[in-house]
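These are the residues of each chain, in order.
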Amino acid sequence: MEKTPARAKSTLSLVQLRALEAVVRTGSFSAAAKEIGVSQPSISNHVQSLESRFKTRLLAKSGYSVSATPALEGLLPRIRAVLALVGDLETELTHQRTLASGELRIGYSTYQLAIPKISTFMSSHPDISIEARALATQDILHLFEDGEIDIGFVTGREIPAGLDGELLVKTRIVIAAPHDHPLAKKATVSWDEVATLHLLQREGSSGTRKIFEAAATIAGIRPHTVLALGSWGSIATLIRSGVGVGIAMEAEITDRDGCVAIQIDDPSLVANHYVVWQKDMSKVAAVEAFRKSLHDL
């Protein structure tokens, strides 16, 4: 009888990867055990087996919290992609059809640009459960790092490092003012004029704000931001109330906002709005389907 090679007995398993990923994501062995539905010692054994086999520390403890070591950090996107692909296979084998069920977690920074695309996808894939969260660009990128979202709508100069994506729209960053504002009839305003305005902006982690303030620094002015808000809808409401003028992407301003877009005399004030995803997740069925839906009319 042929003997099984010794190495085969310690083959890397999906159970071990699930345990490891869950500990990192939840921050504790007990939370990971509860999520997966096994005992805490079982989770500990899976992690210890991996560390023993590869002679590498994969997890670091700090008080009651557990996090990935640098050795594991770079591998997490691929581990999560493997687990997501296995989930796809389980779904297809169970339902005998692609995308019969599942979920997609989406973060978006500009609802005017994201919601139509999400709606199109939902119409084509009604059995996919969607969780969509409104966040600033930098916060969305942090969620990617933590493995908490699959798709992101973000604003920036370029696609963030480590992600793949597609350009959704290229648009200018402008001043949004009421129709009766003294600047409303001007085609453009100078940076000197901008310096005198009371500005309503998105929070500091916003991609639009980062581009605007970087350009202002180069122009040698310090914008007078009177209030930072978490959504364009809130900014538009306060603009109409006369509190100040807003800084926004021209593509997000609609007729119902009651504002006019005024360009700043600076060609660098251009923002790209992207749909992005982790490189290793591009072939996961739900992510791939969403990518394809971006081109649907």
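The notes below deal with the structure included here. (Residues numbered from 1 in each chain as written. Predicted model: local features only at pLDDT ≥ 70, side-chain atom pairs only at ≥ 80, totals over all residues. Heavy atoms only, no water.)

## What to know about empty space enclosed by the protein
Then comes step 1: This structure, assessed with the given rule, holds 1 cavity of 30 Å³ or more.
Then comes step 2: Counted as a void, the largest cavity has a volume near 50 Å³.
Then comes step 3: If you go around the largest cavity, the residues you meet are Ser109, Thr110, Ala136, Thr137, Thr155, Arg202, Ser206, Gly207, Thr208, Met249 and Glu252. (1 Å grid on protein atoms, 1.4 Å probe; cavity = no way out; pocket = protein on both sides within 12 Å on 5 of 7 lines; lining within 4 Å. Points joined across faces, edges and corners; volume = space filled by probe spheres on them.)

## Quick look at a nonpolar patch on the surface
Then comes step 1: A cluster of nonpolar side chains, contributed by Val226, Leu227 and Val243, occupies part of the molecular surface with about 200 Å² of accessible area.
Then comes step 2: When you line up the elements, valine 243 lands in the loop between α10 (232-240) and β10 (245-249).
Then comes step 3: Its relative accessible area of 38% is what places valine 243 among the partly exposed residues. (Patch = residues over 30% accessible without salt bridge, like charges linked within 9 Å, V, L, I, M, F, W, Y side chains within 5 Å. Areas by Shrake-Rupley, 256 points an atom, 1.4 Å probe, with all protein chains shown as cover. Salt bridge = Lys/Arg side-chain N within 4 Å of Asp/Glu carboxyl O. Helix = DSSP H or I, 4+ residues; strand = E, 2+ residues; numbered from the N terminus. Buried < 20%, exposed > 50% of the residue type's maximum accessible area, 1.4 Å probe, protein only.)

## Re the environment of serine 206
Then comes step 1: Relative to the helices and strands, serine 206 is located in the loop between β8 (199-202) and α9 (207-219).
Then comes step 2: Take serine 206: its relative accessible area is 4%, and that puts it in the buried class.
Then comes step 3: Separated by 193 residues in the primary sequence, serine 206 and serine 13 place their C-alpha atoms 40 Å from one another.
Then comes step 4: Residues contacting serine 206, with those up to four places away along its chain left out, are Ala136 and Thr137. (Contact = heavy atoms within 4.5 Å.)

## Some thoughts on the side chain of serine 28
Then comes step 1: Relative to the elements of secondary structure, serine 28 occurs in the loop between α1 (14-26) and α2 (29-36).
Then comes step 2: Taking the relative accessible area as the measure of exposure, serine 28 reaches 15% and is therefore buried.
Then comes step 3: Reaching out from serine 28, the side chain makes a polar contact with the side chain of serine 30 at a distance of 3.4 Å.
Then comes step 4: For serine 28, the side chain forms a polar contact with the main-chain nitrogen of alanine 31, separated by 3.0 Å.
Then comes step 5: Sequence-distant contacts of serine 28, that is, excluding residues within four places in its chain, are made with Val23, Tyr64 and Val66. (Polar contact = N/O pair within 3.5 Å; in protein donor to acceptor, adjacent residues only side chain to side chain.)

## A word on the environment of isoleucine 247
Then comes step 1: Following the sequence through the fold, isoleucine 247 ends up in strand β10.
Then comes step 2: When the C-alpha atoms of isoleucine 247 and alanine 177 are compared, they prove to be 9.0 Å apart, with 70 residues separating the residues in sequence.
Then comes step 3: Discounting chain neighbours no more than four positions away, the residues touching isoleucine 247 are Ile173, Val174, Ile175, Leu199, Leu200, Gln201 and Phe212.

## What to know about the layout of surface pockets
Then comes step 1: Space inside the largest pocket adds up to approximately 970 Å³.
Then comes step 2: Forming the boundary of the largest pocket are 41 residues, of which Arg80, Ala84, Arg105, Asp150 and Met281 lie nearest the centre.
Then comes step 3: Looking at the lining of the largest pocket, the elements that each hand over two or more residues are α1, α2, α5 (76-95), β3 (102-108), α7 (137-145) and α11 (285-293).
Then comes step 4: In terms of residue count, the dominant contributor to the lining of the largest pocket is α5 (10 residues).
Then comes step 5: Of the residues contributing to the lining of the largest pocket, the split by class is 19 nonpolar, 9 polar and 13 charged. (Nonpolar A, V, L, I, M, F, W, Y, C, P; charged D, E, K, R; others polar.)

## Some details on helix α6 (residues 111-124)
Then comes step 1: Under the 1.5 Å per step criterion, the end-to-end length of α6 is 20 Å for 14 residues, consistent within 8% with the ideal 20 Å.
Then comes step 2: Residues of α6 that are buried include every one of Gln112, Leu113, Ala114, Ile118 and Phe121, and no others. (Expected span 1.5 Å × (residues − 1).)

## Section: the pairing of strand β11 (residues 259-264)
Then comes step 1: The pairing of strand β6 (residues 163-178) with β11 spans 5 bridges and is antiparallel. Looking at β11, one finds that isoleucine 175 is bridged to isoleucine 262. (Pairing = 2+ DSSP bridges.)

## A short note on the packing of aromatic side chains
Remark: the centre distance and the inter-plane angle together describe each pair of aromatic rings, the angle taken between the planes.
Then comes step 1: Under the defined criterion, the tally for this structure stands at 3 aromatic pairs.
Then comes step 2: With a centroid separation of 5.1 Å and 55° between ring planes, the pair formed by phenylalanine 121 and phenylalanine 290 is classed as tilted. Here phenylalanine 290 lies in helix α11 and phenylalanine 121 lies in helix α6, a separation of 169 residues in the sequence.
Then comes step 3: Phenylalanine 121 sits in the buried class, given a relative accessible area of 0%.
Then comes step 4: Considering the side-chain rings of tryptophan 191 and phenylalanine 212, the 5.6 Å spacing of their centres and the 40° angle between planes classify their relative orientation as tilted. Of the two residues, tryptophan 191 is situated in helix α8 (residues 191-194) and phenylalanine 212 in helix α9; the sequence distance between them amounts to 21 residues. (Phe/Tyr/Trp six-rings, centres within 6.5 Å; stacked < 30°, edge-to-face > 60°.)

## Some details on the packing of α1 against helix α3 (residues 40-54)
Then comes step 1: Across the interface, α1 lies against α3 with an axial gap of 9 Å and an inter-helix angle of 105°. By the criterion of interaxial angle, the relationship of α1 to α3 is roughly perpendicular. Here Val15, Gln16, Ala19, Leu20 and Val23 of α1 lie close against α3, whose contacting residues are Ile43, His46, Val47, Ser49 and Leu50.
Then comes step 2: Among the residues forming the contact of α1 with α3, the class breakdown is 7 nonpolar, 3 polar and no charged. (Axes fitted to C-alpha atoms, helices over the stretch in contact; angles between N-to-C directions. Parallel < 35°, antiparallel > 145°, perpendicular 65-115°, else oblique.)

## A look at the packing of α1 against α2
Then comes step 1: Interaxial distance between α1 and α2 falls to 8 Å at its minimum, and their mutual angle equals 125°. The orientation of α1 relative to α2 falls into the category oblique. In terms of crossing hand, the pair formed by α1 and α2 is right-handed. For the pair formed by α1 and α2, the contact residues are Arg18, Ala19, Ala22, Val23, Arg25 and Thr26 on the first element and Phe29, Ala31, Ala32, Glu35 and Ile36 on the second.
Then comes step 2: A per-class count over the contact of α1 with α2 returns 7 nonpolar, 1 polar and 3 charged. (Left-handed = near helix turned anticlockwise from the far one by under 90°.)

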